[in-house]
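Chain by chain, the residues:
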Amino acid sequence: MRFHIGEIPLPLNVQKSCPQVKICGLTLVDEAVTCIEAGADAVGCVFYPPSPRCVTEDQALEIVKALPAPAWVVGVFVNEDYSEIMGKAERCRLRAVQLHGREAPLLIDRLRRRGLKVIKALFHNGFPPLSAAASYDASAYLVECAGGPLPGGNAMIWDWSAANSLARTVPIVLAGGLNAENVS
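Cut-off values and rules
- Residues numbered from 1 in each chain as written.
- Predicted model: local features only at pLDDT ≥ 70, side-chain atom pairs only at ≥ 80, totals over all residues.
- Heavy atoms only, no water.
- Buried < 20%, exposed > 50% of the residue type's maximum accessible area, 1.4 Å probe, protein only.
- Helix = DSSP H or I, 4+ residues; strand = E, 2+ residues; numbered from the N terminus.
- Arc of directions from axis to C-beta.
- Contact = heavy atoms within 4.5 Å.
- Salt bridge = Lys/Arg side-chain N within 4 Å of Asp/Glu carboxyl O.
- Pairing = 2+ DSSP bridges.
- Axes fitted to C-alpha atoms, helices over the stretch in contact; angles between N-to-C directions.
- Phe/Tyr/Trp six-rings, centres within 6.5 Å; stacked < 30°, edge-to-face > 60°.
- Lys NZ or Arg CZ within 6 Å of the ring centre and 35° of its normal.
- Parallel < 35°, antiparallel > 145°, perpendicular 65-115°, else oblique.
- Left-handed = near helix turned anticlockwise from the far one by under 90°.
- Nonpolar A, V, L, I, M, F, W, Y, C, P; charged D, E, K, R; others polar.
- Polar contact = N/O pair within 3.5 Å; in protein donor to acceptor, adjacent residues only side chain to side chain.

(A) Region of interest: helix H2 (residues 57-66). When H2 is considered as a whole, its buried residues turn out to be Ala 60, Leu 61, Ile 63 and Val 64. Each buried residue of H2 lies within a common arc of 160° when the element is viewed along its axis, so the set occupies one face. Those residues of H2 hidden inside the fold are in contact with helix H1 (29-37), strand E2 (42-46), strand E3 (72-77) and helix H3 (82-91).

(B) A look at the pattern of salt bridges. Under the counting rule described, the total for this entry stands at six salt bridges. Glu 57 serves as the salt-bridge partner of Arg 91, at 2.6 Å between the closest nitrogen and oxygen. Separated by 34 residues along the polypeptide, Arg 91 in helix H3 and Glu 57 in helix H2 bring together distant segments of the chain. Residue class for Glu 57 comes out partly exposed when judged on its relative accessible area of 23%. Across the pair Lys 88 and Glu 84 runs a salt bridge whose closest N-O atoms are separated by 2.3 Å. One end of the pair, Lys 88, and the other, Glu 84, are both in helix H3, four residues apart, so they sit about a helical turn from each other. Given a relative accessible area of 14%, Lys 88 falls into the buried group.

(C) Expanded view of the sheet that holds strand E1 (residues 22-24). With respect to topology, seven strands assemble into an open sheet ordered E1-E2-E3-E4-E5-E6-E7, the strand pairing being parallel. Of all strands in the sheet, those with a lone pairing partner are E1 and strand E7 (172-174), marking the two edges. Between one strand axis and the next, the sheet turns by 25° as a mean value, whatever way the strands run. Inspection of the sheet shows E2 paired to E3 by five bridges, in the parallel sense. Counterpart to Ala 42 in the pairing with E3 is Trp 72.

(D) The packing of aromatic side chains, seen in detail. The full count for this structure, using the stated rule, is one aromatic pair. Each ring, one from Phe 47 and one from Phe 77, has its centre 5.2 Å from the other, and the planes form 15°; the classification is stacked. Here the residue Phe 47 occupies a position in the loop between E2 and H2, and Phe 77 occupies one in strand E3, the gap between them amounting to 30 residues. The pair formed by Phe 47 and Phe 77 is uniform in burial state, with each residue classed as buried. A cation over an aromatic ring shows up here: Arg 95 above the ring of Trp 72, its NZ or CZ 4.1 Å from the ring centre. Over the face of the ring belonging to Tyr 82 we find Arg 110, whose NZ or CZ atom lies 3.6 Å from the ring centre.

(E) Looking closely at the packing of H3 against helix H4 (residues 105-113). Across the interface, H3 lies against H4 with an axial gap of 11 Å and an inter-helix angle of 30°. It follows that H3 is roughly parallel to H4 by the angle criterion. Note on packing geometry: the crossing formed by H3 with H4 is right-handed. Mapping the contact onto sequence places Tyr 82, Ile 85 and Met 86 in H3 and Leu 107, Arg 110 and Leu 111 in H4. Partitioned by chemical class, the residues of the contact of H3 with H4 number five nonpolar, no polar and one charged.

(F) Structural context of the packing of H1 against H2. Relative orientation of the contacting elements H1 and H2 amounts to 35°, with a least axis distance of 9 Å. Our pair here, H1 against H2, has a crossing hand that is right-handed. Contacts from Val 29, Ala 32 and Val 33 of H1 reach H2 at Glu 62, Ile 63 and Ala 66. Here the contact of H1 with H2 is composed, by residue class, of five nonpolar, no polar and one charged.

(G) Representation of the side chain of Ser 51 within the structure. Mapped onto the secondary structure, Ser 51 falls in the loop between E2 and H2. The class of Ser 51 is buried, set by a relative accessible area of 9%. Separated by 3.0 Å, the side chain of Ser 51 and the backbone nitrogen of Arg 53 make a polar contact.

That is the geometry; function is a separate question.
Structure below.
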């Protein structure tokens, strides 16, 4: 099932109002290929060492090489500095990064000037809060609950309607506990 409209996927095209799908935390090439074949527009590779889903640069590059051209691999980082993010982005051929920590707005500006799409995580019950979107100039904003042992939503189901007002003003990526029964 495709979750976007049109003949050609438009990964992370934030001008398009149709839903797009990013599956995060993939570590194996065949998992990533299966996700794209099933209709996902992008996959996420986590570069956060405490995460059980953290990948090496070699793993991420193999995933990038295995996917068809329209698919995107998004590198997920938590509180990393500019040189670390850019180094991994260049070596792994990433076109997008997701910042999931307390990154400064200036970092997002620098990464975007280098041609990367930047998704900034904001949290319903955490920091930075959804209300901080105006402080950043991200390509899109990932919104989730917050809570649990790792940064982010830890797949927690939350009241997604809390993001309605933000979604009217900026492109968002909805996350946290989504599944086949509740995604609509």
